[in-house]
Amino acid sequence: MAHAALSAASAPPGAAYAAVLCLARAGALDFARAEYVRLGLATAEDADTIALGARLLKDVALASKGARRTAFAKASRRRYEALSQRFGGVYGAINAATMTLVAGDLAGAAMRAATVLQAPPQGSVGEAAYYEAASQAEALFLVGDLEAARQRMERALAFAPRAYAAHASTLRQMEMLCREVGADMAWLEPFRPPVCAHFTGHIQNVRDQALRPQFEETLRAERISFGYCGLAAGADIVFAEALLEAGGELHVVLPINRAAFVEVSVAPFGQAWVERFERCMARAASIRYASQDPYLGDEQVFAYASQFAMGCAVLRAQTLATEAVQVAAWDGRPASGPAGVAADMAYWALSGRRGLVVPVERPQPAVRVSQPPDTGARAMKAMLFADVQGFGALRDDQIPAFMDSVMGRLAQVVEALEAAPRHIETWGDGLFLVFDQPIDAALAALALLEAYRALDLRGLGLPRSLGLRIGGHYGPVHLRTNPLTKAPAVVGAHVVVAARIEPDAAPGSAYVSEALAGALATFHGDRVRCGYVGRTQGRKGFPATPIFNLSRA
């Protein structure tokens, strides 16, 4: 929206700032820094724009190592110092102190932090008061007074007890400081937002009187305020009701379209369950669909929806700098297929995160025999779509250099991957790569971006404005044969999801769906990071969907 505003005949005030800020938050640092200069922000004199420039330098420093990290930390510190000297307040001063530490000067950081503690109170209220107190806590940590920092954090939370996003921002900053000085992070645990939970439970009539008190006690004991689950008749709905009554947020993930789900997983157990389902849906904070298709007898779609919900819980926990747990209402029986409570528990256990079991007693369920139609092989795959923005504007005489040097270099990267794609298609500047595992797709996307950034486009006679952008998704696809070419083909609704993400990626970035981001966060958070960007633009009848920027951890 900001870039569209900039292209208008008369750009509104703040459009350039908003555009660069969005790019920074999306993780497209190289592009953000280039736009900061191109749009004239580097010479602006207002506080917000100066702070943005300092933040860009800070982000580069924190993503770098060695001499580059030190150099950018010092450059960021100088900008924050200039901001503080000119406009006052604690924001510039505390960030200058922090970047002094990142630059390797602990004594200098403590000296600058001491000036923050001497600043007069601002008389703020609400979140503003929270940030002022949190900045003081950060300063106390930098001067080495951990007990005072702990007390100031308690005071900060009292100013805005439910400003969880603000709390998370402070916690991430404090965690970074702890890593810089080698301090134990355990002191931060009492300040974390409430816990996020994935819930899995049996479909079927259950004894509400036995389950509800157990759920209520689990929610209290574990400080759970955010729940992600399906909403089938039985334990799902009982848990959702308990969460809502406790004042928590309910986030529903349905495997198929709403009408089909009610027909298969709610209505067969009585009208009362349908009414309870509708009440929970009306109060849900969000509703997601793993698929909008009808139910065709394939249990894999239920397993995929559970995995999707688990990923959402982990992503939300990361956003809030808190813990993700699984709560399972389980009868102790193994899963009879790809879906079910035991299957969900086994998948979650692979992540190494805590799981809580609420035991339930119920009759032996009837054997469910499903006969899915013969629609061909379908498998879970991770997909990447990539293209180069600006390719269509190249002159004809530039095309050979582009194909030989740009596409040729990308081909070398693909050929050198440790986990090769199971399927490759290409056209012009476009790539479609399919992988068995989410982490393989993620590492491939990052390798492609890094190789592209290293190209000397100007030396190749190509415009520097060319930018590689990548979109990725994870979901079930059909493995078929193309009737025209007789070559293998990967097709399906989830392929389209991946294709719809790529046009919204900022040049120089890889954006992925919530499903792929969740899978990566659940199992590979030590290798890659997925930060929330926003939503895709709705195109050709496809709804806007959440997308995440992919980077190395």
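A few points on the structure.

Parameters and conventions
Residues numbered from 1 in each chain as written. Predicted model: local features only at pLDDT ≥ 70, side-chain atom pairs only at ≥ 80, totals over all residues. Heavy atoms only, no water. Helix = DSSP H or I, 4+ residues; strand = E, 2+ residues; numbered from the N terminus. Rg over C-alpha atoms; globule rule 2.2 N^0.38 Å. Buried < 20%, exposed > 50% of the residue type's maximum accessible area, 1.4 Å probe, protein only. Contact = heavy atoms within 4.5 Å. Areas by Shrake-Rupley, 256 points an atom, 1.4 Å probe, with all protein chains shown as cover. 1 Å grid on protein atoms, 1.4 Å probe; cavity = no way out; pocket = protein on both sides within 12 Å on 5 of 7 lines; lining within 4 Å. Points joined across faces, edges and corners; volume = space filled by probe spheres on them. Nonpolar A, V, L, I, M, F, W, Y, C, P; charged D, E, K, R; others polar. Core = buried A, V, L, I, M, F, W, Y, C linked by side-chain atoms within 4.5 Å. Pairing = 2+ DSSP bridges. Axes fitted to C-alpha atoms, helices over the stretch in contact; angles between N-to-C directions. Salt bridge = Lys/Arg side-chain N within 4 Å of Asp/Glu carboxyl O.

## Some points on the overall build of the protein
When helices and strands are counted, the protein shows 20 helices and 14 strands. Its C-alpha atoms give the protein a radius of gyration of 26 Å, within 12% of the compact-globule value 24 Å for 553 residues. With the C-alpha coordinates of the protein rotated into their principal frame, the extents come out at 70 × 65 × 45 Å. Residue burial in the protein is summarised as follows: out of 553 residues, 51% are buried. Long-range contacts, defined as pairs at least 24 residues apart, comprise 70% of the intrachain contacts of the protein with a sequence gap of at least 6. For the protein, the accessible area works out to roughly 25500 Å², and carbon and sulfur atoms hold 54% of it.

## A short note on empty space enclosed by the protein
Tallying each qualifying case throughout the model produces 1 cavity of 30 Å³ or more. In this structure, the largest cavity encloses a volume near 40 Å³. The wall of the largest cavity is formed by Tyr 304, Gln 307, Phe 308, Tyr 347, Tyr 474, Ala 515 and Ala 519. No other element matches helix H15 (residues 300-320), which puts 3 residues into the lining of the largest cavity. Residues that form the lining of the largest cavity fall into these classes: 6 nonpolar, 1 polar and no charged.

## Regarding the nonpolar core
Counting residues in hydrophobic clusters, the biggest one holds 66 residues, and the most contacted among them are Phe 402, Leu 468, Ile 470 and Leu 550. Per-element tally for this core: the top contributor is H15, with 11 residues. In contact with Phe 402, not counting residues within four places along its chain, are Val 388, Phe 391, Leu 394, Met 407, Asp 429, Leu 462 and Leu 466.

## Things to note about unusual backbone geometry
At Arg 223, a position not held by glycine, the phi torsion is positive, near 55°. Turning to its location among the elements, Arg 223 is positioned in the loop between helix H11 (208-222) and strand S2 (224-229). In this structure, Lys 486 is a non-glycine residue whose phi angle is positive, near 65°. Turning to its location among the elements, Lys 486 is positioned in the loop between strand S10 (467-481) and strand S11 (488-491). According to the relative accessible area criterion, Lys 486 is exposed, its value standing at 62%.

## Considerations on the side chain of Thr 170
As for its position among the elements, Thr 170 is in helix H10 (residues 164-181). Beyond its immediate stretch of four places on either side in the chain, Thr 170 contacts Tyr 130, Ala 134 and Met 153.

## Thoughts on the sheet that holds strand S3 (residues 249-254)
Taken in spatial order, the 6 strands of this open sheet run S4-S3-S2-S1-S5-S6, and their pairing is parallel. Of all strands in the sheet, those with a lone pairing partner are strand S4 (286-289) and strand S6 (355-359), marking the two edges. Direction aside, neighbouring strands of the sheet carry axes that sit 20° apart on average. As paired strands, strand S1 (residues 195-201) and strand S5 (residues 324-330) are joined by 6 bridges and run parallel to one another. Residue Cys 196 lies in a different strand from S5, and its bridge partner there is Ala 324.

## Considerations on the pattern of salt bridges
If charged atoms from side chains of opposite charge come close, those side chains can pair. Throughout the structure, instances matching the rule amount to 24 salt bridges. Among the ionic pairs, Arg 55 bridges to Asp 59, the shortest N-O distance being 2.7 Å. You can see Arg 55 and its partner Asp 59 sitting in helix H4 (residues 47-62), 4 residues apart, about one turn around the helix. Classification of Arg 55 as partly exposed rests on a relative accessible area of 24%. One salt bridge in this structure joins Arg 316 and Glu 249, with 3.2 Å as the shortest N-O distance.

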